[in-house]
Structures are given as structure tokens and as C-alpha cells.
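Descriptive analysis of the structure
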Amino acid sequence: MKRTIISDILKEHDPKKLEGEKVLIKGWVRAFRSNRFIQINDGSCLATIQAVIEYEKFDEEVLKNITTGSAVSIEGEIVASIGSKQSIEIQTSNIKVIGTANPEDVQKTILQPKKHSLELLREQAHLRFRTNLFGAVFRIRHSISYAIHKYFNDHGFYYINTPIITGSDAEGAGEIFRVSTLDPINPKLNDDGDVDYNEDFFGKNVNLTVSGQLEAELAALGLGKVYTFGPTFRAENSNTSRHLAEFWMIEPEIAFADIHDNMDLTESCLKFICKYILENCFEDVQFLNDREIQEEKQKPQNQRNEMSLIDRLKFVTENPFKRITYTEAIQILLNSKPHKKKKFKFPVEWGIDLQSEHERYLVEKEFKSPVILIDYPSEIKAFYMRQNDDNKTVAAMDVLFPGIGEIVGGSQREERLDILKQKCAEFNIPEEELWWYLDTRKFGSVPHAGFGLGLERLVMFITGMTNIRDVIPFPRTPKNAEF
Ligand code: ATP
Ligand code: MN
């Protein structure tokens, strides 16, 4: 008999149609009550299906192994349920235990059916896929990834893969992981007494990529519209709830486009993804929505979300993002209550890099909506961003989301060779290192733009999870690379 996936049974809106059907299901036992009702989940959906057994009809040896956490295979007939929690159940005719789970050992793990802290779930990240919460989060994470590919494919973008090992540090931020096969104890030294990278695997100093943008630009200047979707690495030693050392980034890049096209693209893309998840993952979203409401009850009134998760997602899909310039944002902050009452930790003046408290004020207090900020001071942004006519600002773009802060960072790129060379000099970037990048500005250079969207920040927004470690299966953070 062919196995049926539980979601295929439960998604049938009219259960009457299924009655009498014989099925074979396989999954993990969530609970076994009254020697009669087995709750089974196979990961295909949030809900469990109930299999009913007549205890007397089965071998004692088999039955005693049906315990929470064990894996079973059940054959039976779908019948109407008399219980109120489900409309159908399986009348079991045959049951096999595929993998046992010793109850004493289960007691020591998060498989034990009760409420566990997120910290404990993180320590048992190998088992947390079995919980309702992480089942929901990772099904949604999958669907977000799928929606991203769908969006770009439907809009004529080509998916390209940029290198993970690279010699360039796109941001110039220096927060890189070096990659080397040199002997860490006794590396060969050169005449100056420095490590001789000529001896290294690639014959030069290389690192894990912090962004695929520079390479994506090269591709866009031939293929027109491209996007990358891959792992990105940053050795930022900031132990925040929004930073990982290894995260996934989506970087579209479009030729013949300016900063306004870039804003339109990011807004339409983010709206599409939120809508897609509301339409295709509603059971999981509803679960997370209700869970958040329960959690919020523990918090003081003024720390609770003003909108529920579902309302926040609908808000994004239904309302235009607020678009303002950096200079306007500084004006708003200077006029704000927290600034006047000296409540901000960091000072506000034109030229500063906005701190998270400033971003949150703009998004959560002033506009109560996603905000796109453009035209930042050149000094605080990367060398490749296009110089504006005022000679003070660049065509940079950050998208700020409620509860998350920066979710997207992007820009129109400098396409004018002379200005780009000047910027390299100002930022101390040797032209020889980026000869291939500069080359594209010599042969049919065109205005182009793109952005980087952090997948995990987006998953946080869509699931309402507040720690980035809980939206990636195995988080990599300072001092933590378990699993
Ligand atoms: P932040 O100021 O929040 O550190 P950033 O300015 O360094 O972000 P960018 O270099 O513009 O970010 O990267 C583009 C996007 O990648 C960000 O908007 C964010 O969504 C995501 N991102 C950046 N750093 C991280 C990180 N360490 N962990 C997870 N996501 C990140
Ligand atoms: Mn950063």
C-alpha cells in the first residue's frame, strides 16, 4: 500500500468524501491517550491525525512501544470521528513501530509534551523540528524561499550563484572569515616575516563572502536582471537578536534602473512574499499569531504589539511603504520627543549612522509603517553607491520594518568610471583588486541598482519570532557552532 501524507488527508475540506478510504500513514507519535487514541504528526502540516485502536486486538509487545516520540506506520480506514477536536480519524487495522523512543530518555528532552523555553529548544536544535512551533517556522521559511524564487522568476530575473570563497570584501567592513589551508601553527613566512599567502591554496588571501553584490552586478550588466540567493558570512562580534555569523541573503540587481526602480522592486517583492505566505501557509501563521497573543499576555501592556501578527502581515500587503530621505528622517528625529527629552542613547545630527533606536522610532512611533530611507551621507555608505548631484549624499536605500529594523539595504550603483575611481581612492581600495569591477564601467556602462534582503530578518517578521536564532535551523553566532 502506498503511503499517504497527513496533510493530503487533512486538507480535504469535505471530510465526508474521505470516509471509508483505506490509508497508510507514517509519522511520529505526539501522544497516546487512554490506550486508544494515538496522535500522529509527519511534519507535512501543523495538525496531527488521530488513529484509534482497539487495544484488545493488538499484540501487547507492539503496543508498549507506542510512546511519545516513537515512529509508527499505521494502516486503517478513514471514519467520521465522534470526538469534537477532529472531524475524521483512522480506524486502525494494522500498526508497526518503526523506531522506538525510550520514555525515560524522552523525559530528558524537549520531546516531552510540555512548554519549553526557546533557549532550551535551541540547545536541542536537533530535536526542535519535532515541535509545533519549529515545524511552523521552518515550513514557513521554506515557503518564503519558494516565494522569493517564484517572484523573481515571474518577473524575468535569472538566478545566479556568486562565489562563496572570494578575494573581495564588498562592504570594506572587514568583518570577514578568512579561508586558508596553511598550517595554523607554523605558516610559511615571507621575507618581511608576514604569513606568505602565495603558499596558500589560492595563492592569495581569501575569505567567505559578505555579499554577492559585486559579482551580481557583473551578471546584471549582461543578463539584465539577476538575483543571488545564498549563504553570507560576517564575523560581526555583536551578540544581538538580529545578527548571525552565517545568514542567507537575496540580492537582486537590475540594469537600466535607478533608485526609484529599486524602491519599487523591493516594495513589490516584500508585498508579494507576505501575501504568498498569508495565502499558502495560513494554518501555520494562525498558530504563530495565537501563540504570540498568549506570549504577550505575560508582558506589560506598553511592551505588547499594537497589531497581531496577521494584522501586521496584512498591513504590509495593503499599505504603501513610507518613502523619505535621510535628511528628512534626521529632521523628524531632531523634532521628536525622545530627542528633546534626551531619551535616545545616541546623539542625533546630520551625518550620523542611524542607530536601531532611531530606526525604531521612525518605523514604530512616527510612521507606524515600513519605511524606505534614501540618500544617505556618502561617508557612512559603501564606495560603490552612486554619488548624488548634491555631492554630499549617495543613492543608498534602507528598508526598515516594525520590530525588525533594517530588513533591506541597497543602492543605485556608481556607473561613472571617473567617479568610481575617485571613490576607490577615498576608501583606500586598490584599483588592481577590483579591475574586473571597474572594467564593466568601460564597456557600455549603464545605470543599475540592487539590494540585499536578509532572509532570516524576513522570516522573523513573517513568523513573529523575536530572536534570529529561532528562524534558522542551526544558528552560527559568536562562540556557538554546535550541530
Ligand atoms: P545591520 O546594520 O543590521 O548590521 P547591514 O547594514 O550590515 O545591517 P547590509 O550589509 O546592508 O546590512 O546587508 C543587507 C541585509 O542583510 C540587511 O538589511 C539585513 O537584512 C541582512 N543582514 C546583514 N547582516 C546580517 C547578519 N549579521 N545576520 C543576519 N542578517 C543580516
Ligand atoms: Mn551589519
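Residues numbered from 1 in each chain as written. Chains lettered and ligands numbered in written order. Predicted model: local features only at pLDDT ≥ 70, side-chain atom pairs only at ≥ 80, totals over all residues. Heavy atoms only, no water.

Digging into the packing of helix α5 (residues 132–154) against helix α8 (residues 282–296)
Between α5 and α8, the least distance of the axes is 9 Å, while the angle of their chain directions is 130°. Regarding the angle of α5 to α8, the classification is oblique. Considering how the two elements wind past one another, α5 and α8 form a crossing that is left-handed. From α5, Asn 132, Leu 133, Ala 136, Val 137, Arg 139 and Ile 140 reach across to α8, where they touch Asp 284, Val 285, Phe 287, Leu 288 and Arg 291. Of the residues assigned to the contact of α5 with α8, the class counts are 7 nonpolar, 1 polar and 3 charged. (Axes fitted to C-alpha atoms, helices over the stretch in contact; angles between N-to-C directions. Helix = DSSP H or I, 4+ residues; strand = E, 2+ residues; numbered from the N terminus. Parallel < 35°, antiparallel > 145°, perpendicular 65-115°, else oblique. Left-handed = near helix turned anticlockwise from the far one by under 90°. Contact = heavy atoms within 4.5 Å. Nonpolar A, V, L, I, M, F, W, Y, C, P; charged D, E, K, R; others polar.)

So, the site of ligand 1
Taken together, 15 residues lie near ligand 1, and Arg 234, Glu 236, His 243, Glu 406 and Ile 407 sit nearest. Within the contact set of ligand 1, an oxygen atom lies 2.8 Å away from a side-chain nitrogen or oxygen of Arg 234. One of the side-chain N or O atoms of Glu 236 is found 2.6 Å from a nitrogen atom in ligand 1. Considered on its own, ligand 1 offers 580 Å² of accessible surface; in the complex 83% of this is hidden by protein. Of all elements in the fold, only β11 (246–255), β15 (405–412) and β16 (448–454) reach the threshold of two or more residues within the shell around ligand 1. The dominant element in the shell around ligand 1, judged by the number of residues it contributes, is β15, at 4 residues. (Near = heavy atom within 4 Å. Polar contact = N/O pair within 3.5 Å; in protein donor to acceptor, adjacent residues only side chain to side chain. Areas by Shrake-Rupley, 256 points an atom, 1.4 Å probe, with all protein chains shown as cover.)

Looking at the side chain of Thr 109
Among the structural elements, Thr 109 can be located in the loop between α3 (103–107) and α4 (118–123). Taking relative accessible area as the criterion, Thr 109 reaches 18% and is therefore assigned buried. A polar contact of 3.0 Å, which involves the side chain of Thr 109, links it to the backbone nitrogen of Leu 111. Ignoring anything within four residues of it in the chain, the contact list for Thr 109 reads His 116, Gln 124 and Leu 127. (Buried < 20%, exposed > 50% of the residue type's maximum accessible area, 1.4 Å probe, protein only.)

A word on the domain arrangement of the protein
In terms of domains, the protein is made up of domain 1 (6–108) and domain 2 (133–175 + 210–470). Centre-to-centre, using C-alpha coordinates, domain 1 lies 44 Å away from domain 2. Taken together, the contacts link 5 residues of domain 1 with 5 residues of domain 2. Together domain 1 and domain 2 conceal approximately 380 Å² of surface at their shared face, both sides included; 56% is due to carbon and sulfur atoms. Considering only the surface of domain 1 that becomes buried against domain 2, Gly 43, Cys 45 and Leu 46 emerge as the three largest contributors, covering 87% of it. In this structure, the connection of domain 1 to domain 2 is made through 0 salt bridges. (Domains from an automatic or database assignment. Buried area = accessible area lost by both parts, 1.4 Å probe. Salt bridge = Lys/Arg side-chain N within 4 Å of Asp/Glu carboxyl O.)

Here's the deal with the sheet that holds strand β12 (residues 322–325)
Strand order across the open sheet formed by 8 strands is β6-β10-β11-β16-β15-β14-β13-β12, with mixed pairing between neighbours. In the strand order of this sheet, the two ends are held by β6 (158–159) and β12, each with one partner. Two strands pair when backbone bridges link them, and β12 and strand β13 (residues 371–377) are joined in this way by 4 bridges, in the parallel orientation. Counterpart to Ile 324 in the pairing with β13 is Leu 373. Its contacts with the sheet place helix α6 (residues 213–223) against β6, β10 (225–233), β11 and β16, and it is angled at close to 30° to β11. In the packing of helix α10 (residues 326–334) onto the sheet, contacts are made with β12 and β13, and the angle to β12 comes to roughly 90°. (Pairing = 2+ DSSP bridges.)

Some details on unusual backbone geometry
A positive phi angle, close to 55°, is found at Asn 35, a residue other than glycine. Here the phi dihedral of Lys 479 falls at roughly 65°; this positive angle occurs in a residue that is not glycine. Summarising the element assignment, Lys 479 is placed in the segment after α15 (455–463).

Observations regarding the pairing of strand β5 (residues 88–99)
Taken together, the 2 bridges between strand β3 (residues 49–52) and β5 define a ladder with parallel strand orientation. Bridging from a neighbouring strand, Ala 51 pairs with Ile 90 of β5.

So, the nonpolar core
Of all hydrophobic cores here, the largest spans 66 residues; its most connected members are Ile 144 and Ile 462. With 11 residues, α5 is the largest single contributor of residues to this core. Structurally, this core is a two-domain feature, drawing no fewer than three residues from each of domain 1 (6–108) and domain 2 (133–175 + 210–470). Contact partners of Ile 144, with chain neighbours within four places excluded, come to Ile 273, Ile 277, Leu 455, Leu 458, Val 459 and Ile 462. Ala 329, Leu 373, Cys 424 and Leu 438 belong to the second largest nonpolar core, which has 30 residues in total. (Core = buried A, V, L, I, M, F, W, Y, C linked by side-chain atoms within 4.5 Å.)

Quick word on α10
Taken together, the buried positions of α10 are Tyr 326, Ala 329, Ile 330, Ile 332 and Leu 333. One side of α10 carries all its buried residues, which in axial view fall inside an arc of 160°. The inward-facing, buried residues of α10 abut β12, α11 (337–340), α12 (356–367) and β13. (Arc of directions from axis to C-beta.)

Observations concerning the packing of aromatic side chains
Considering all chains together, one arrives at 21 aromatic pairs under this definition. A centroid spacing of 5.4 Å and a plane angle of 45° characterise the contact between Phe 129 and Phe 138, whose relative ring orientation is tilted. For Phe 129, a relative accessible area of 38% puts it in the partly exposed group. Aromatic pair Phe 229 and Trp 248: ring centres 6.3 Å apart, planes at 75°, arrangement edge-to-face. One end of the pair, Phe 229, is in strand β10; the other, Trp 248, is in strand β11, and 19 residues separate them in sequence. Assessed through its relative accessible area of 30%, Trp 248 is described here as partly exposed. (Phe/Tyr/Trp six-rings, centres within 6.5 Å; stacked < 30°, edge-to-face > 60°.)

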